[in-house]
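Read off the chains here:
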Amino acid sequence: MPTLKRFWLLHHFLLIGVLFFYSSQLVAQVPLPQITQVEEADLNISLDGFVDEAVWQNLPVIDGMRIVEPDTLDEAPFKTDIRFFYTERGMYFGIVNHQPADSLVARMTGRDSPLSRDLIGVTIDASGDGLYGYGIGLALGDSMFDLSILPERQLNFQWDGSWDGRTQVIDEGWSAEFFVPWSMMPLPQVEGVRKIGLAFRRQLGQRGEVWTAPPLPETLNVYISGFQKYELTDIEPRRQLTIYPFVSTDFNGIRHDAENKIGTDIYWRPSTNTLLSGSLNPDFGTVESDDVVVNLTAFETFFPEKRTFFLEGQDIFNTGPRSLAQNVRGPGGPITMLNTRRIGGASKYTVPSGVNVTPTDLSQPTDLLGAVKFTGQNGNLRYGTLIASEDDSEIRGILSDGTRVNLQAAGRDFTIGRLLYEDTSSGGRRSIGWMGTNVSHPDVDATVNAIDAHYFSANQRWVLDSQFMHSNVNGKTGTGFLGDITYIPRRGVQHILTTTYIDDEFDMNNLGFLSRNSQMNLDYNFVLTESDIPGLTSRTTTLTSVNQYNTDGDSVLAGQFAGRTWNYLNNDSFNLLLRYFPKRVDDRLGRGTGAFRIPERYALIAGYTSDPAKGIAWSLNLEASQEDLGPEIITSGAGIVWRPNDRFSFDLGLNYTDQEALLVHQGNGNYTSFEAHQWSPKLESNYFISAKQQFRVSMQWNSLKAFEDRFWQVNPKRLKHLSPVVIPDNDPDDFVISRLTFQARYRWEIAPLSDLFIVYTRGSNLPGNSFSTFQDLLEQAWNDRIVDSFAIKLRYRFGS
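All of these numbers come straight from a predicted model, not from anything done at the bench. Numbers given to residues run from 1 along each chain, matching the order in which its sequence is written. Whole-chain, interface and lining totals are the exception, using all residues; otherwise, since this is a predicted model, local features are given only for residues with pLDDT of at least 70 and side-chain atom pairs are given and counted only at 80 or more. Only heavy atoms go into the side-chain values, all of them from the structure, while hydrogens and water stay out.

(A) Local environment of the overall build of the protein chain. The secondary structure content of the protein chain amounts to 5 helices and 43 strands. Here the globule rule reads 2.2 Å times residues to the power 0.38, and the radius of gyration is calculated from C-alpha atoms. Taken over C-alpha atoms, the radius of gyration comes to 29 Å for the protein chain, in line with the 28 Å a tight globule of 800 residues would show. Dimensions along the principal axes, computed over C-alpha positions, put the protein chain at roughly 95 × 75 × 60 Å. Taking all 800 residues of the protein chain together, 48% fall into the buried category. For the protein chain, contacts bridging at least 24 residues in sequence account for 62% of all contacts bridging at least 6. Here the positive residues are Lys and Arg and the negative ones are Asp and Glu; neither His nor the chain ends is included. One atom stands in for each charge, and that atom is NZ of Lys, CZ of Arg, CG of Asp or CD of Glu. In the protein chain, 70 side chains carry a positive charge and 95 a negative one; their mean positions are 4 Å apart. Counting from the N terminus, the helices are DSSP H or I runs at least four residues long and the strands are E runs at least two residues long. Throughout this description, buried means an accessible area under 20% of the type-specific maximum (1.4 Å probe, protein chains only), exposed means over 50%, and partly exposed covers the range between. Contacts are assigned to residue pairs with any non-hydrogen atoms lying within 4.5 Å of each other.

So this is what it looks like as structure tokens:
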């Protein structure tokens with residue numbers, strides 16, 4: 001009897017297993033919905049925003065929108081009629097957004113500018129397996145935004161695609177039409193049936209809500225792998241060649257000379273999943289300006305890339321979530337092996353004693369001889385390589401007797417390689433990759449290699465990212481490790497654990513970006529999002545524990561933070577953050593002259609923002625904290641945005657900081673603490689002749705006046721607090737920083753990714769002894785310019 005019982009149990013287990021196997025095969029074989037194909041010869045459509053052509057009338061309509069911000073997942077109160085089809089050239093989308101006429105919010109902005117307004121967008125999982133995708137969107141009024149995406153929600157808003165679209169106000173509300181060419185994105189090489197994923201996103205400015213279909217709130221780990229999958233057949237786009245020439249002229253009002261350039265970017269897709277791009281005599285001129293920053297710390301400021309060639313196809317070189325600046329919480333910037341702003345950056349000149357050089361000449365970008373990039377995919381393997389070479393550069397210096405001398409610097413050569421293997425066959429996602437970089441120069445030979453691994457669980461609760469790194473710079477080697485874990489047990493609850501180990505010798509800043517080496521970090525972040533609070537649309541609570549040490553075991557940054565944000569029914573919001581910093585050690589400000597102890601400190605940050613969708617919106621913020629030496633530092637700010645109509649905006653922000661003990665290293669372990677006052681106004685005004693023609697005026701001024709107060713000395717032999725010392729001399733260390741950037745820019749988007757720029761740029765950096773009132777400093781900063789340029793640039797995109 002026991003034998004028969006065992007046989008009976010074995011038989012049923014085998015039967016259950018067989019049934020489970022076949023049922024899973026049946027589920028897997030359930031056909032995906034098919035997207036309608038239309039022949040180019042039969043296509044008669046005008047991309048004008050009206051969804052009224054005959055081709056739209058016979059297509060199925062989908063909706064399924066649910067509210068994800070706030071995260072209620074309630075059904076959307078208004079319909080969204082979504083239609084789409086494809087041709088051999090690309091995909092067309094026609095969308096009718098139902099809503100009352102008095103609720104429409106149209107605001108014209110520059111490309112990718114975030115703003116609360118009415119907007120509709122689609123994100124395409126081009127891989128079909130949740131591995132990479134591209135998002136596009138139109139706001140009512142035709143302002144565009146686009147992005148690229150990596151798993152699961154790594155968004156890169158710097159990417160621009162060659163798509164087009166229009167919107168219109170109609171009786172039902174408003175409508176939009178998009179055309180997305182296949183040439184805009186890589187497609188896996190397949191035969192016959194192709195799979196892609198689609199997700200739609202709608203934003204309503206007056207309601208302050210975001211709807212998506214399928215519903216994918218940010219309170220869940222799943223995003224790109226959760227898109228609705230569709231099938232397409234008979235898609236094998238032909239080889240695509242795009243030529244992107246430019247011509248520019250830049251007149252320098254300081255030197256009274258002009259520089260003319262002509263060059264081109266070339267993009268060739270020999271197949272659907274590969275892209276070869278090259279840049280010949282590239283121009284990285286002044287059509288965009290960076291923020292004006294006053295940085296008195298020992299850490300470098302990160303500036304994002306803005307050059308088209310380096311942004312195209314860049315996602316393959318991202319090795320983890322922390323390689324993107326927008327994914328990094330807190331100070332320090334990203335940790336990335338490839339910071340393309342290094343390529344063509346300022347040359348490093350050796351300036352002999354007695355030679356005077358204009359500071360702006362030392363910071364001028366270096367001309368590139370050329371750059372080539374190749375990216376592609378073969379099955380589960382994706383790959384990419386980037387090669388760039390700088391030209392030698394030369395500037396003028398002047399001896400004390402007026403004799404002119406030439407200073408030269410050799411250009412650098414850059415090589416980057418990347419391999420990434422990804423697998424989604426058994427649910428979830430697993431991937432492993434390698435990336436290597438090299439910078440070659442007569443004085444520098446820097447190589448960095450890394451292995452990165454990633455895991456996304458099949459139940460969508462766990463995300464693990466890791467990276468092992470090794471550097472070799474002129475024979476000096478170092479290692480590093482990054483490890484991130486995200487766990488979401490249920491919607492609205494998120495746990496994030498990040499670990500970092502970087503040894504003292506690791507160095508990737510010849511081509512990458514790393515704020516500091518000598519790190520041993522373990523940080524934890526808890527986020528709770530609630531959408532069922534009476535009187536609120538949502539409430540978000542954050543708890544953070546920061547534990548960062550150097551490799552000697554000294555705490556260099558520690559803190560316990562608690563914050564909460566209230567989003568009200570009228571779309572106003574209020575945030576409050578409390579911070580406690582335990583005792584720590586500063587081992588960087590002295591630039592190697594000795595570390596010193598910092599006492600415990602406290603901070604409070606509060607801010608209130610009114611409904612950003614209204615014609616007049618305002619904000620107030622306050623930060624009360626303590627300096628490294630203990631005395632308080634108060635920063636207050638206010639901002640106002642005026643939009644009297646859809647075409648014009650005026651945005652003014654003003655921050656004022658009062659510091660009692662600004663600590664500055666004076667060299668050799670000597671420090672001075674200053675009483676400092678800083679004004680930082682920022683102005684931007686935009687007028688849109690149309691959504692394709694924009695006139696923008698922007699000005700940013702950052703001015704600080706510092707008056708010496710006390711003097712300090714570090715003890716290089718013993719770790720302790722800074723010791724006060726007597727005044728070393730009778731010459732005051734008082735200083736002023738006054739930097740201004742002004743830009744007036746006209747931009748006309750002639751066609752997708754084809755623009756005419758007319759730009760006037762003016763800038764100044766006053767000497768450190770320019771003590772005047774802040775009003776006089778502003779006037780002097782405007783008049784005593786060190787940058788005065790007028791540039792015209794035309795770039796036009798030819799090809800598929």
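(B) Representation of a negative patch on the surface in the model. Exposure above 30% relative accessible area and no salt bridge define the residues that can form patches, which grow by joining like charges within 9 Å and nonpolar side chains of Val, Leu, Ile, Met, Phe, Trp and Tyr within 5 Å. Accessibility throughout is a Shrake-Rupley quantity obtained with a 1.4 Å probe, and a residue counts as covered only by protein chains that appear here. A pair is scored as a salt bridge if a Lys or Arg side-chain nitrogen falls within 4 Å of a carboxyl oxygen belonging to Asp or Glu. A surface patch of negative charge is lined by Asp-257, Glu-259, Asp-367, Asp-391 and Asp-392. Tracing the sequence through the fold places Asp-257 in strand β14 (residues 257–269). Note on Asp-257: relative accessible area 36%, which makes it partly exposed.

(C) Molecular detail of the environment of Val-725. Within the secondary structure, Val-725 is located in strand β39 (residues 723–725). Take Val-725: its relative accessible area is 41%, and that puts it in the partly exposed class. Separated by 55 residues in sequence, Val-725 and Asn-670 place their C-alpha atoms 9.4 Å apart. For Val-725, the contacting residues outside a window of four places in its chain are Phe-711, Trp-712 and Gln-713.

(D) How the structure looks around the sheet that holds strand β20 (residues 404–409). In spatial order, the strands read β16-β19-β20; together these 3 strands make up an open sheet with antiparallel pairing. Strands with a single pairing partner mark the edges of an open sheet, and in this sheet they are β16 (355–356) and β20. Each pair of strands is called paired provided DSSP finds at least two bridges between the two strands. Strand direction decides the pairing type here: strand β19 (residues 393–399) and β20, joined by 6 bridges, are antiparallel. Along β20, the bridge assignment pairs Ile-398 with Arg-404.

(E) Seen up close, helix α5 (residues 774–783). The set of residues buried in α5 consists of Phe-774, Leu-777 and Ala-781. For α5, the buried positions fall inside an angular range of 50° around the axis, keeping them on one side. Elements that come into contact with the buried residues of α5 comprise β37 (670–690), β38 (693–713), β40 (735–751) and β41 (754–765). The directions from the helix axis to the C-beta atoms are what the arc is built from.

(F) Region of interest: the packing of aromatic side chains. Note on aromatic pairs: the rings of Phe, Tyr and Trp (six-membered ring only in Trp) are paired at centre separations within 6.5 Å, and the planes decide the class, stacked below 30 degrees, edge-to-face beyond 60, tilted for the rest. Following the criterion strictly, the structure yields 30 aromatic pairs and no others. Where Tyr-92 meets Phe-179, the ring centres are 4.6 Å apart and the plane angle is 40°; that geometry is what we call tilted. Taken together, the residues span a long stretch of sequence, with Tyr-92 in strand β3 (residues 90–98) and Phe-179 in strand β9 (residues 173–181) at a distance of 87 residues. Pairing Phe-742 with Trp-782 gives two aromatic rings, centres 5.1 Å apart and planes at 85°, and the pair type is edge-to-face. Here the residue Phe-742 occupies a position in strand β40, and Trp-782 occupies one in helix α5, the gap between them amounting to 40 residues. For Phe-742, a relative accessible area of 15% corresponds to the buried category. What makes Trp-782 partly exposed here is its relative accessible area of 31%. Each residue in the set Trp-56, Phe-85, Tyr-92 and Phe-179 is aromatic and connected to the rest through ring pairs, giving one cluster. We call a charge positioned over a ring when the NZ of a Lys or the CZ of an Arg lies within 6 Å of the ring centre and within 35 degrees of the ring normal. Its end group placed over the ring of Phe-581, Arg-601 keeps NZ or CZ at 4.7 Å from the ring centre.

(G) Main features of the nonpolar core. Definition of nonpolar core: a set of buried residues of the types Ala, Val, Leu, Ile, Met, Phe, Trp, Tyr and Cys, connected through side-chain atoms within 4.5 Å. In this structure, Ile-35, Phe-84, Met-91, Phe-93, Phe-178, Leu-198 and Phe-200 are the most contacted members of the largest nonpolar core, which totals 42 residues. Apart from residues lying up to four places away in sequence, Met-91 is in contact with Ile-35, Phe-84, Phe-85, Tyr-86, Phe-178, Phe-179, Val-180, Trp-182, Ile-196 and Leu-198. By size, the runner-up hydrophobic cluster in this structure holds 32 residues, among which are Leu-338, Ile-416, Phe-506 and Leu-511.

(H) View of unusual backbone geometry. The amide bond that connects Glu-69 to the next residue, Pro-70, takes the cis arrangement and shows omega of 0°. On the secondary structure map, Pro-70 appears in the loop between β1 (66–69) and β2 (80–86). The linkage connecting Pro-151 with the following residue, Glu-152, adopts the cis geometry, with an omega of -20°. Tracing the backbone shows Glu-152 in the loop between β6 (144–150) and β7 (154–156). The phi angle at Asp-142 is positive, at roughly 85°, despite the residue not being glycine.

(I) View of the pattern of salt bridges. Inspection of the entire model under this criterion finds 28 salt bridges. In this structure, Arg-516 and Asp-587 form a salt bridge, with 2.9 Å as the shortest nitrogen-oxygen distance. Here Arg-516, found in the loop between β26 (493–502) and β27 (519–530), pairs with Asp-587, found in the loop between β31 (584–586) and β32 (596–598); they are 71 residues apart in sequence, far enough to count as distant. Here Arg-516 matches Asp-587 in class, with each residue buried.

(J) Expanded view of the layout of surface pockets. Approximately 620 Å³ is the volume found for the second largest pocket. What lines the second largest pocket is a set of 21 residues, and nearest its centre among them are Asp-129, Lys-195, Lys-229, Thr-424 and Gly-427. Looking at side-chain class alone, the lining of the second largest pocket contains 4 nonpolar, 12 polar and 5 charged residues. Whether a set of points on the 1 Å grid over the protein atoms alone is a cavity depends on a 1.4 Å probe fitting there but being unable to get out, while an open set qualifies as a pocket with protein on both sides within 12 Å along at least five of seven lines; lining residues are those with an atom within 4 Å of a point. Grid points are joined across faces, edges and corners, and a volume is the space filled by probe spheres set on the points. Amino acid classes used here: Ala, Val, Leu, Ile, Met, Phe, Trp, Tyr, Cys and Pro are nonpolar; Asp, Glu, Lys and Arg are charged; the rest, including Gly, are polar.

(K) Main features of the pairing of strand β30 (residues 573–581). Relative to β30, strand β29 (residues 555–568) runs antiparallel, the two sharing 8 bridges. Bridged to Phe-561 within β30 is Arg-579. Here β29 folds back onto β30, and the loop between the two strands holds 4 residues, one of which, Asn-571, carries a positive phi near 75°. With 9 bridges connecting them, β30 and strand β33 (residues 601–609) associate as antiparallel partners. Considered in β33, the bridge of Ser-573 is made with Thr-609.

(L) Here's a closer look at the pairing of β40. With respect to burial, β40 is a largely interior element, 13 of its 17 residues being buried. For β38 and β40, the ladder comprises 14 bridges, and the chain directions are antiparallel. Considered in β40, the bridge of Val-697 is made with Ala-744. The sheet contact formed by β40 and β41 spans 12 bridges and is antiparallel. Looking across to β41, one finds that Arg-745 is bridged to Val-759. Where β40 folds back on β41, the antiparallel hairpin that results is connected by 2 residues, among which Leu-753 adopts a positive phi of roughly 60°.

(M) Representation of the side chain of Ser-649. Looking at the element boundaries, Ser-649 is found in strand β36 (residues 648–667). Apart from residues no more than four positions distant in its own chain, Ser-649 is found in contact with Trp-642, Arg-643, Glu-684, Ser-685 and Asn-686.

(N) Broad picture of the sheet that holds β2. Taking strand neighbours across the sheet as the criterion, the 4 strands line up as β2-β3-β9-β8 in an open arrangement whose pairing is antiparallel. Of all the strands in the sheet, the pair left with one neighbour each is β2 and β8 (164–170). When the angles between neighbouring strand axes are averaged without regard to direction, this sheet yields 10°. As defined by bridge partners, β2 adjoins β3 across 7 bridges and the pair is classed as antiparallel. To obtain an axis, a line is fitted to C-alpha atoms, over the contacting stretch when the element is a helix, and the angle between two such axes runs from 0 to 180 degrees between their N-to-C directions.

(O) Structural view of the environment of Asn-550. Here Asn-550 shows up in the loop between β28 (536–549) and β29. Linking Asn-550 and Gly-428, residues 122 residues apart in sequence, is a C-alpha distance of 36 Å. Excluding residues that lie within four positions of it along the chain, Asn-550 makes contacts with Arg-516, Ser-518, Met-520, Val-556 and Asp-587. Polar contact is defined as a pair of N or O atoms within 3.5 Å, subject to the rule that within protein one atom must be able to donate a hydrogen and the other to accept it, and that residues adjacent in sequence are counted only when both atoms are side-chain atoms. A polar contact is formed between the side chain of Asn-550 and the backbone nitrogen of Asp-552, at a distance of 3.1 Å.

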